[in-house]
Amino acid sequence: MTTSIRKLSRAIALAVLSLAITATTSSAFTFPWPASSPTTATASSSDAKPPAAPADAVTAQPGAPLPPIAHRIVGGEFDFIAWDGSTFTSIGSRFGESPKVLARDNGMQVTDRLHAGDTIHIDNRHIVPLEGSDLIEVNLPQRMLFHFADGRLSGAYPVAIGQPGRQWQTPTGAFKVIQMREDPTWRVPASIQREEEADGKDVVDEIEPGPDNPLGKYWIGLSFPIIGIHGTNHPVSVYSYRTHGCVRLHPDDIEALFNAVDLNDSGVIVYYPVMLAQLDDGRVFLESERDIYRRGAGGIDAVKALAQAAGIDNLIDWIRAGEVVDEQEGIARDVTLKSDRAGGAPADSIAATTIERTATVAVQASRRLIAAALPPH
């Protein structure tokens, strides 16, 4: 693998994150508690009460899983250059796209071997379901975390969430940040110790900071019982349903989030398998995820009802919208009627513009790179 190819790949990765963070509202691109210590930042018990949910961030309930019409999309379409060791799983986990969808859209199988220099087209567009002035927002089916600071979107990160089994599902609702710790020690709960013993694994009471610690380097404790937001020593597990209830981020992403939040910051965890967005240029996007916790996805009828209430049902290609809902690809898809696309531009033209913009930013970013930026691990 040549140095130039590696730099190009890394530049593209950095560009994608930069565009996601700086996207405007009209842009289509854009487990358990660790051991306490004297260095742990912890909110007092009087400050640890969760805040009331924002008016537009009511926790989804069965039969009512759709959020209000959104107006922002992050991510984009771009080409990524693979290197030795790249897999569809490692690439998908880093950029927030299903490995199966990623492989299929590149004319391959998820088990196919990638080679250094292979060009992989990525589409990791995601709807931002809720807006907030200072908010940590996690949408469980979407496996995405969005951070708002000072009224702007400052970060959008793929995450891993709790397993579908009832015992380990990540809870929904409003919360506050009540603890922040660097280099946490993981005290393994008895429930997880029993699970590991049943699986024939070595059982330990706690794991000290270091490469074997599944919490990674940073821990953000929440007012929910027992769970938090943290890093990982197994980055390829991100963008999955594999945790014991916690929200798990890539090491680079948890570092960025940890440095951007403070004690008593507010957040909300929601359950929105289907989201609809209308951008400022008039285009309408639809994103459909797996109803992983089986709480009800609403289906195309719920999407129609939401669109009718917003007065945009006449702008939507309902045949395409039905396909998006059924396929559950986890990607924001343009479902605007062709005659209603902004400026009359066809979909292919819009996608080409996005890719061109990504490449331009990637080239600019490559000139500033000193070290690797966001490589898939």
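Residues numbered from 1 in each chain as written. Predicted model: local features only at pLDDT ≥ 70, side-chain atom pairs only at ≥ 80, totals over all residues. Heavy atoms only, no water.

### Description of the overall build of the chain
Along its length, the chain carries eight helices and 19 strands. Split by element, the accessible area of the chain, about 16100 Å² in all, is 50% carbon and sulfur. (Helix = DSSP H or I, 4+ residues; strand = E, 2+ residues; numbered from the N terminus. Areas by Shrake-Rupley, 256 points an atom, 1.4 Å probe, with all protein chains shown as cover.)

### Quick look at the pairing of strand β7 (residues 144-149)
Judged by how many residues are buried, β7 sits mostly within the fold: six of six residues are covered. Burial of β7 is two-sided: the residues Met144, Phe146 and Phe148 facing one way and the residues Leu145, His147 and Ala149 facing the other way are all buried. Sheet analysis places strand β6 (residues 135-139) next to β7, joined by five bridges and oriented antiparallel. Across the sheet, residue asparagine 139 finds its bridge partner in β7, namely methionine 144. (Buried < 20%, exposed > 50% of the residue type's maximum accessible area, 1.4 Å probe, protein only. Pairing = 2+ DSSP bridges.)

### Looking at helix α7 (residues 318-327)
Because the α-helix completes a turn every 3.6 residues, residues three or four places apart line up on one side. Listed as buried for α7 are Ala321, Gly322, Val324 and Val325. In an axial view of α7, the angular spread of the buried residues amounts to 160 degrees, which keeps them on one side of the axis. Seen from the buried face of α7, the exposed residues on the opposite side, beyond 90 degrees, are Ile319 and Asp326. The inward-facing, buried residues of α7 contact β18 (284-288), α6 (299-310) and β19 (333-334). N-cap assignment for α7: the residue whose side-chain oxygen lies 3.2 Å from the backbone N of isoleucine 319 is aspartate 317. (Arc of directions from axis to C-beta. Contact = heavy atoms within 4.5 Å. Polar contact = N/O pair within 3.5 Å; in protein donor to acceptor, adjacent residues only side chain to side chain.)

### Description of the sheet that holds strand β17 (residues 274-278)
Here we have three strands laid out as an open sheet, ordered β17-β18-β19, and antiparallel in their pairing. Each edge of the open sheet is held by one strand with a lone partner, namely β17 and β19. Sheet analysis places β18 next to β19, joined by two bridges and oriented antiparallel. For phenylalanine 285, the partnering residue across the bridge sits in β19 and is aspartate 334. Those strands touched by α7 are β18 and β19, and its axis lies near 25 degrees from that of β18. (Axes fitted to C-alpha atoms, helices over the stretch in contact; angles between N-to-C directions.)

### Side note on the nonpolar core
When a protein is soluble and globular, its nonpolar side chains tend to lie buried together. Core analysis: the largest hydrophobic core is formed by 32 residues, its most contacted members being Leu145, Ile220, Ile229, Leu249 and Leu257. Of all the elements in the fold, those that place two or more residues in this core are β6, β8 (152-162), β9 (173-182), β12 (218-222), β15 (247-249) and α5 (251-258). With four residues, the single largest contributor to this core is β12. Those residues in contact with leucine 249 that lie beyond four places of it in its chain are Leu145, Tyr157, Pro158, Val159, Ile229, His230, Gly231, Thr232, Val238, Ile254 and Leu257. Among the nonpolar cores identified, the runner-up in size contains 20 residues, and Val128, Leu153, Ala156 and Phe285 belong to it. (Core = buried A, V, L, I, M, F, W, Y, C linked by side-chain atoms within 4.5 Å.)

### Section: α6
Helix length check: α6, at 12 residues, gives a terminal C-alpha distance of 17 Å against a target of 16 Å (1.5 Å per residue), a fit within 8%. Of the positions making up α6, those classed as buried are Val303, Leu306 and Ala307. Buried positions in α6, seen along its axis, are confined to an arc of 100 degrees and lie on one side of it. For α6, the exposed residues set more than 90 degrees away from the buried face come down to Asp301, Gln308 and Ala309. Looking at the buried side of α6, the elements it contacts are β17, β18 and α7. Of the residues trailing α6, glycine 311 is marked for its positive phi of about 75 degrees. (Expected span 1.5 Å × (residues − 1).)

### What to know about the side chain of aspartate 334
Position of aspartate 334 relative to the elements: it lies in strand β19. For aspartate 334, a relative accessible area of 15% puts it in the buried group. A distance of 2.7 Å separates polar atoms of two side chains, one belonging to aspartate 334 and the other to threonine 336.

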